Each structure stands twice: as structure tokens, then as C-alpha cells.
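Survey of secondary and tertiary structure
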Amino acid sequence: MKNTNSTVKHVLVLHGPNLNLLGKREPGVYGSVTLEEINGNLANLAAEAGIKLTAFQSNAEAELIDRVQQAVRDGVDFIIINPAAYTHTSIALRDAFAAVELPFIEVHLSNIFSREPFRSKSYFSDLARGVISGLGAKGYELALQYALTSR
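Cut-off values and rules
- Throughout this description, residue numbers start from 1 for each chain and increase along the sequence as written.
- Only residues with pLDDT of 70 or above have their local features reported here, since the model is predicted, and side-chain atom pairs are shown and tallied only from 80 upward, although totals for entire chains, interfaces and linings are computed over all residues.
- With hydrogens and water stripped out, all remaining heavy atoms of the structure feed into the side-chain values.
- Put simply, a nonpolar core is a bunch of buried Ala, Val, Leu, Ile, Met, Phe, Trp, Tyr and Cys residues held in one set by side-chain atoms that sit within 4.5 Å of each other.
- The rule is simple: take the accessible area with a 1.4 Å probe, protein chains only, and divide by the maximum for that residue type; under 20% is buried, over 50% is exposed, in between is partly exposed.
- For the purposes of this entry, the term helix denotes a DSSP run of H or I that reaches at least four residues, the term strand denotes a run of E that reaches at least two, and both are numbered from the N terminus.
- Only heavy atoms enter the contact rule, under which two residues are in contact if any of them lie within 4.5 Å.
- A fitted line through C-alpha atoms serves as each axis, taken over the contacting stretch for helices, and the angle formed by two N-to-C directions is quoted from 0 to 180°.
- Just so you know how the angles are binned, under 35 degrees is roughly parallel, over 145 roughly antiparallel, 65 to 115 roughly perpendicular, and the rest oblique.
- With the far helix as reference, a near helix turned anticlockwise by less than a right angle produces a left-handed crossing, and one turned clockwise produces a right-handed crossing.
- When residues are sorted by character, Ala, Val, Leu, Ile, Met, Phe, Trp, Tyr, Cys and Pro go into the nonpolar class, Asp, Glu, Lys and Arg into the charged class, and all the rest, Gly among them, into the polar class.
- One side-chain nitrogen of Lys or Arg within 4 Å of one carboxyl oxygen of Asp or Glu is enough to make a salt bridge.
- The span one expects for a helix is its residue count, reduced by one, times 1.5 Å.
- What the arc measures is the spread of directions leading from the helix axis to the C-beta atoms.
- UniProt positions are given in the numbering used here, feature names are shortened, and annotations may be inferred rather than shown by experiment.

For the rest of this paragraph, the subject is the nonpolar core. Ranked by internal contacts, the top residues of the largest apolar core, which has 25 residues, are Val-11, Ile-80, Tyr-140 and Leu-144. Residue assignment for this core shows that the elements contributing at least two residues are β1 (10-15), α2 (35-49), β3 (78-82), β4 (104-108) and α5 (138-149). In terms of residue count, the dominant contributor to this core is α2 (six residues). In this structure, Val-68, Tyr-86, Phe-97 and Phe-124 belong to the second largest nonpolar core, which totals 18 residues.

Listed below in C-alpha cells is the structure:
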């Protein structure tokens, strides 16, 4: 995966609450791939493309907000986020994305639209460049591919 057509040099990957439990948590819904495996795969793809990739997971809303705000100071060009349960509840995290105006893709391992009705509402989708939902860990790779070809 080469980074020949993009101005993106630094991608931040944010993982929301409970994603640290991937591989053990409801594998029928979220799959058996661990967060470490997802991050490792993304790091390898980023290295092949010659870009910097930073991954961060937190169960705390405030820490995720702080990390979004810090992204501007860190020179991040693009964000990939799986807000997890905060997808449906966090106006504050949404406001952080609106404030920093960095392009981002919203990723969900499961298809949030085929689950409980409350999961179909996202506070992020209208700001996101795109939403990838229901493709498991592959969704993160597709988001990174997009980031590497975006301008």
C-alpha cells in the first residue's frame, strides 16, 4: 500500500470504550481479532506506505476528546475512529471533531444498523468523510486505504 497520491503523512486511530476487550468480548458480534492485532496490522500497512500511524484506546470519554484536540498539535492529517458506545451518546466527542476540522472515517466492527434500534443513531456520521460498518477488522484497513488516497 503506497502513499503516492496523498498528502496524508500521519494517521491517528482512535478506539473507544471496551474495544480493549476485542477477541474475548462477544466474538459472535465483534469477531475474534484482538485490538493488538488490529493495531499491528495497521502499523504494518502504514510502514509500507511510509506514513506515521498512532493508535490510542480509552474507555474514558474525556481522554478521547483530549486526544482529538491533541491531534492538531501533533500534526495528524487524518483520523480513523471507532467511537464504540460513544457513537450513540457523545455529543462532546462529536463537538471535538467539529472543532478540530480534521478529516475522519467512522468505523464499526459490527453492522450498527442491523442491531438494537438505539445503535443506528450516530453523532459522528454527518461530520465523517465516510462510515464503514459491519466489515469487522477489515473496516480499519479500508479506512486507512482511503486516508492514503485522499487529498
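After that view of the structure, there is still more to cover.
Turning our eyes to something else, we now look at the environment of Leu-102. Relative to the assigned elements, Leu-102 resides in the loop between α4 (91-100) and β4. Along the primary structure Leu-102 and Thr-149 are separated by 47 residues, whereas in three dimensions their C-alpha atoms are 16 Å apart. Setting aside anything within four residues of it in sequence, one finds Leu-102 in contact with Ala-71, Val-72, Val-76, Asp-77, Ile-79 and Phe-97.

Moving on, we get to the packing of α2 against α5. Here α2 crosses α5 at 25 degrees, and the two axes come no closer than 10 Å. What the angle tells us is that α2 and α5 run roughly parallel. When you trace α2 past α5, the crossing you get is right-handed. Every residue of α5 that contacts α2 at Ile-38, Asn-41, Leu-42, Leu-45, Ala-46 and Ala-49 is listed here: Tyr-140, Glu-141, Leu-144 and Leu-148. Tallied by class, the residues present in the contact of α2 with α5 amount to eight nonpolar, one polar and one charged.

Tallying each qualifying case throughout the model produces three salt bridges. When the shortest N-O distance is used, the salt bridge between Asp-74 and Arg-67 registers 3.1 Å. With relative accessibility at 33%, the residue Asp-74 sits in the partly exposed group. For Lys-138, the salt bridge identified is with Glu-141, shortest N-O distance 3.3 Å. Residue Lys-138 and its partner Glu-141 are both found in helix α5; the two are separated by three residues, about one turn of the helix. Take Lys-138: its relative accessible area is 45%, and that puts it in the partly exposed class.

Attention now moves to α2. With 15 residues, α2 extends 21 Å between its outermost C-alpha atoms, agreeing within 8% with the 21 Å of an ideal straight helix rising 1.5 Å per residue. Of all the residues in α2, the buried ones are Leu-35, Ile-38, Asn-39, Leu-42, Leu-45, Ala-46 and Ala-49. Seen along its axis, α2 keeps its buried residues to an arc of 125 degrees; they face one direction. In this structure, α2 carries Glu-36, Ala-47 and Glu-48 as exposed residues pointing more than 90 degrees from its buried face. Buried residues along α2 sit against β1, β2 (52-57) and α5. Following α2 by one or two positions, Gly-50 adopts a phi angle in the positive range, close to 75 degrees.

Another point: the UniProt feature "site: Transition state stabilizer" (unreviewed entry) in the protein chain. Taking the numbering used here, the UniProt-annotated feature "site: Transition state stabilizer" (unreviewed entry) corresponds to Arg-25. Along the chain, Arg-25 turns up in the loop between β1 and α1 (27-30).

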